[in-house]
Every structure is written in C-alpha cells, then in structure tokens.
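Results of the structural survey
Residue-level listing of the chains:
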Amino acid sequence: MNFNGHELFKAFHRIKKSSMGRIHKEFMQNLKPHEFFMLKTLKKMYEQEQQEAQTNNLPLAPGVKISQLSRETAISMPGVSQTISTLEKHGYVERIASSKDRRLVYVNLTETGRQLETDVSKSCFQIYDEAATLLGQEDTQALVRLLDKLAGAFDQIDRQQCDLEQPEKAERKTT
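Residues numbered from 1 in each chain as written. Predicted model: local features only at pLDDT ≥ 70, side-chain atom pairs only at ≥ 80, totals over all residues. Heavy atoms only, no water.

**Re the packing of helix 2 (residues 33–56) against helix 3 (residues 66–73)**
Running from N to C, helix 2 and helix 3 cross one another at 110 degrees; their axes reach a closest spacing of 11 Å. In terms of orientation, helix 2 and helix 3 fall into the roughly perpendicular class. For the element pair helix 2 and helix 3, the recorded crossing hand is right-handed. Packed against helix 2, whose contacting residues are Met-38, Thr-41, Leu-42, Lys-44, Met-45 and Glu-49, the element helix 3 presents Gln-68, Leu-69, Glu-72 and Thr-73 at the interface. Looking at side-chain class alone, the contact of helix 2 with helix 3 contains four nonpolar, three polar and three charged residues. (Axes fitted to C-alpha atoms, helices over the stretch in contact; angles between N-to-C directions. Helix = DSSP H or I, 4+ residues; strand = E, 2+ residues; numbered from the N terminus. Parallel < 35°, antiparallel > 145°, perpendicular 65-115°, else oblique. Left-handed = near helix turned anticlockwise from the far one by under 90°. Contact = heavy atoms within 4.5 Å. Nonpolar A, V, L, I, M, F, W, Y, C, P; charged D, E, K, R; others polar.)

The structure is reproduced here in structure tokens:
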C-alpha cells in the first residue's frame, strides 16, 4: 500500500469513527452499526415493495423475506437471521408468518424500529449539515467533487478487476 492510499484510508477511518461515535452515543446505545444498517435496508426494501405493489396494483406482502435481505446486503442467510433475531429482541422488528405457508416468514419494522431509523437518519444529516457549515460552501463543494471523483476511481478499479477476472473464469471453464 502506498503512502497516499494509506493516508486516505486512515482519514476515512477517522471520519467514520468521529461521526458514527456521536450518532452511536446519542441513539444507538444498544445496537451495533451493522444492526442499524439492517434496519435501514429493511425500511428501504419495504418502501420499494409498497411502491411496486401500488404501481402494479398488486397485493402487498406484510414485510420482506430474509432471503431478499440476504441478497440485498450480500450477507449470508444465517447472518441476516441472527441480526434480525437481535433486532427482534430489542423490539425493532417483527417476524410475520405467512397465513398461506407457515414456512414463509416476513420481517418488518415495528413502530419503535421505524422511529429509531428516522431519529438516527435525522441525526446523521444534522451532523453532516453542521460539518458543511463549519467547512464553508466552497470547501464543502470541493470535498463533494473530490469524493465523487474518488467514487469514480473505485468504480474504475472494480471494472478493471472484473475485466481481469473474466478471462481467468473462461480459462477455468475450458480446462
């Protein structure tokens, strides 16, 4: 790892530690960050299902299937199930068995879970609004521009890595 990459990594770690530390102290005393992000993902996915059901005039499921959460988050089914169990113990989510097939279980936020997600999300935006104010408009715009450029660089690295892996996969199939 070169010096610049190492410094960039350390800077992101400092930002994460300082911003998430404040949010964690204020709202998430009993949740780990990955548990909160599961709440956020669950909320987003269910809102998408609501929109899709409304648009296509279809019945709405009572929640999201664990298999869907697993695919969306790229976390194993047992990992998602364990996180959901923790969230359920805290009263943030509920499991809802299908009335037609008892093996099919949906997960959805409780009112307490929805309120926590809303409060933490507002707190996140507030922290970044305060930071933007302290940085000033010009520096904030420059930082956003540079972060967008960095995201593009990461995308380019991913594409290059995928391009390198394609011939290797094809070679393995033919041998």
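**Thoughts on unusual backbone geometry**
Unlike most non-glycine residues, Asn-57 shows phi in positive territory, near 55 degrees. Of note, Asn-57 is situated in the loop between helix 2 and strand 1 (64–65). Positive phi outside glycine occurs at Ala-74, with the angle close to 60 degrees.

**Observations regarding the nonpolar core**
Counting residues in each nonpolar core, the largest one holds 23 residues, and the members touching the most others are Leu-31, Leu-39, Leu-42, Leu-69, Ile-84, Leu-87 and Val-93. Elements represented by at least two residues in this core include exactly helix 1 (3–26), helix 2, helix 3, helix 4 (77–89), strand 3 (105–109) and helix 5 (111–135). Of the residues forming this core, the biggest block, six residues, is contributed by helix 2. Aside from chain neighbours lying at most four places away, what touches Val-93 is Leu-39, Leu-42, Ile-84, Leu-87, Glu-88, Val-107, Asn-108, Leu-109 and Thr-110. (Core = buried A, V, L, I, M, F, W, Y, C linked by side-chain atoms within 4.5 Å. Buried < 20%, exposed > 50% of the residue type's maximum accessible area, 1.4 Å probe, protein only.)

**Some points on a nonpolar patch on the surface**
Together, Leu-8, Phe-12, Ile-15, Tyr-128, Leu-135, Leu-143 and Leu-147 line one region of the surface with nonpolar side chains, adding up to about 610 Å² of accessible area. Where the nonpolar patch is concerned, the elements lending two or more residues are helix 1, helix 5 and helix 6 (137–174). Looking at the nonpolar patch element by element, the count peaks at three residues for helix 1. Here Leu-147 is to be found in helix 6. (Patch = residues over 30% accessible without salt bridge, like charges linked within 9 Å, V, L, I, M, F, W, Y side chains within 5 Å. Areas by Shrake-Rupley, 256 points an atom, 1.4 Å probe, with all protein chains shown as cover. Salt bridge = Lys/Arg side-chain N within 4 Å of Asp/Glu carboxyl O.)

**Considering the packing of helix 2 against helix 4**
For any two helices packed against each other, the geometry is given by the interaxial angle and the distance between the axes. The N-to-C vectors of helix 2 and helix 4 enclose an angle of 90 degrees; their axes lie 10 Å apart at closest approach. In this view, helix 2 runs roughly perpendicular relative to helix 4, as classed from their interaxial angle. Only Val-80, Thr-83, Ile-84, Thr-86 and Leu-87 of helix 4 make contact with helix 2, whose side of the interface consists of His-34, Glu-35, Met-38 and Leu-39. Among the residues forming the contact of helix 2 with helix 4, the class breakdown is five nonpolar, three polar and one charged.

**Examining helix 2**
For helix 2, with 24 residues, the first-to-last C-alpha span of 35 Å sits near the 34 Å given by 1.5 Å per residue. Within the sequence span of helix 2, burial applies to Glu-35, Phe-36, Met-38, Leu-39, Thr-41, Leu-42, Met-45, Tyr-46, Glu-49 and Ala-53. Those residues of helix 2 hidden inside the fold are in contact with strand 1, helix 3, helix 4, strand 2 (93–97), strand 3 and helix 5. Backbone geometry just after helix 2 places Asn-57 at a positive phi near 55 degrees. (Expected span 1.5 Å × (residues − 1).)

Note that every value here comes from positions in space, so none of it alone points to a role or purpose.
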